[in-house]
Amino acid sequence: MTNIFALAIHGGAGTILRSTMTKELQTQYEQGLKDALSAGYTILEKKGNSVDAVAAAVMCLEDNPLFNAGKGAVFNNIGKHEMDAAIMNGKTLEAGAVCGISTVKNPVLLAKTTMLYSGHVMLAGSGAEEFALSQNLQFENDAYFYTQQRYDQWQEALVENKVQLDHTEKKMGTVGAVALDCFGNLAAATSTGGMTNKKFGRIGDSPVIGAGTYANNATCAVSCTGHGELFIRLVVAYDISCLMEYKGLSLKEACDLVVYNKLVAINGEGGLIAIDKAGNIELSFNSEGMYRASIDINGNSIIKIYKD
Ligand code: ASP
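Residues numbered from 1 in each chain as written. Predicted model: local features only at pLDDT ≥ 70, side-chain atom pairs only at ≥ 80, totals over all residues. Heavy atoms only, no water.

1. Overview of the environment of Ile 209
Logical step 1: Position of Ile 209 relative to the elements: it lies in the loop between strand 6 (186–192) and strand 7 (213–215).
Logical step 2: Linking Ile 209 and Thr 42, residues 167 residues apart in sequence, is a C-alpha distance of 27 Å. (Helix = DSSP H or I, 4+ residues; strand = E, 2+ residues; numbered from the N terminus.)

2. Details of the pairing of strand 3 (residues 95–101)
Logical step 1: Of all seven residues in strand 3, seven are buried; the element is thus mostly enclosed.
Logical step 2: Where strand 2 (residues 83–89) meets strand 3, five bridges bridge the pair, whose relative direction is antiparallel. The partner of Ala 86 across the bridge, within strand 3, is Ala 97.
Logical step 3: If you look at the hairpin formed by strand 2 and strand 3, you'll find five residues sitting between the two strands, and Leu 93 has a positive phi there, around 60°. (Buried < 20%, exposed > 50% of the residue type's maximum accessible area, 1.4 Å probe, protein only. Pairing = 2+ DSSP bridges.)

3. Points about the nonpolar core
Generally speaking, a soluble globular protein has its nonpolar side chains buried in company with each other.
Logical step 1: Counting 50 residues, the largest nonpolar core has Ile 9, Phe 67, Ile 87, Leu 110 and Tyr 291 as the members making the most contacts within it.
Logical step 2: For this core, the element with the most residues is helix 2 (residues 50–62), which contributes seven residues.
Logical step 3: Discounting residues that sit within four places of it in the chain, Ile 9 has contacts with Leu 33, Ala 36, Leu 37, Ala 57, Leu 61, Gly 176, Ala 177, Ile 273, Tyr 291, Arg 292 and Ala 293.
Logical step 4: One finds Ala 6, Ala 188, Val 236 and Leu 251 within the second-largest nonpolar core, a separate group that totals 37 residues. (Core = buried A, V, L, I, M, F, W, Y, C linked by side-chain atoms within 4.5 Å. Contact = heavy atoms within 4.5 Å.)

4. Here we look at the sheet that holds strand 3
Logical step 1: Reading across from one edge, 4-3-2-6-5-1-11-12 is the order of the eight strands in this open sheet, with mixed pairing throughout. The open sheet is flanked by strand 4 (122–124) and strand 12 (301–306), the only strands paired with a single partner. When strand polarity is set aside, the average angle formed by the axes of neighbouring strands in this sheet is 5°.
Logical step 2: Packing against the sheet, helix 2 makes contact with strand 1 (6–14), strand 2, strand 5 (175–180) and strand 6, and its axis sits at approximately 155° to strand 5. (Axes fitted to C-alpha atoms, helices over the stretch in contact; angles between N-to-C directions.)

What follows is the structure, given as C-alpha cells:
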C-alpha cells in the first residue's frame, strides 16, 4: 500500500460561453463539482478502492440536475431519457456498461452491478432494467429525470432539427471520473444522457469500453465527453492507452495527440480526463470549456470550467 492516490472528474465538455453564464450559476456548477470530488476523494483517503471512488463521484453528479446524467439527462427525439454508463477496473480489466436505460436512478451503479454480478459486460434497455430490478436498485419515474432546462433545449433542437451536444452554448453534459487508489489501482467511470434530440435507440461513446471509458493499470484510466460518434470511431480511450503501451508516450503526449490532433482532424469536439499509474492527471479538451476538477497526489485541487 502507498500514500499515493488522486482523482479527476468532469461534468462535460463543450462551447460553454461566458456570456450565458451567470455568477450564481457558475457557483452552482463549481459546488456540484466540489461535492462530487469530495464524494470520491473521501473514499480514497479512507484507503478505499478506485472503483468505489469513481462510482461515488459519478453518482453524485448523476444526482445533480445541472449535469446531463441521471437526474437532468437530456431528451431524445421522442421526448424520452435514454441513459448510458460504464465503469472499468484497471487492475482486473473487468468492465460493466449499460445503455438505453430510462428508469434506473443511478446508471453508473447499474454499470458497476453489471460488472460485478451479471457475468456480462454490457446490458441494454429493458434487459438492463430487469437486471437492475433483480439487484434491488432504485428506480425513478419520468418526472424525476425531467428538468425544464433540458426540455427547453430539446424544443430548440426540434425546431432547428438538429442533434445537439448537450453542452453547446449554455448546455452542459456527461459526467465522468478517473482515480488512482493507494493500492496502485486505476479505475474509470462515465455516465450520460447522450445528445439532445438524438435518435431513439442511439448509443454514444460513454458505455462503449475503449471508446468513452477505459482503465488499465499498465497504462491509464480515461473518461471522455464530447461528440460520441467521433469518439467511437477513434476508439479514443483505448487509443490513449495504446499510445502509452505500444509507443511509450507519456500520458500528456498521448492525450495531446488524440485530443488536439486526431479528434480535431475529424471535427471531434470534446475532451477527456485521464490519470496514469504514477498519479499524473490530464484534463484535455478541444472545445471552449470543460467542467472539470481534480485532486492530485499532493492533495492540490483545482476546479475549472473555461480554458484558462
Ligand atoms: N459523449 C456523449 C455522447 O455522445 C455526450 C457528451 O459527452 O456530452 O453520448
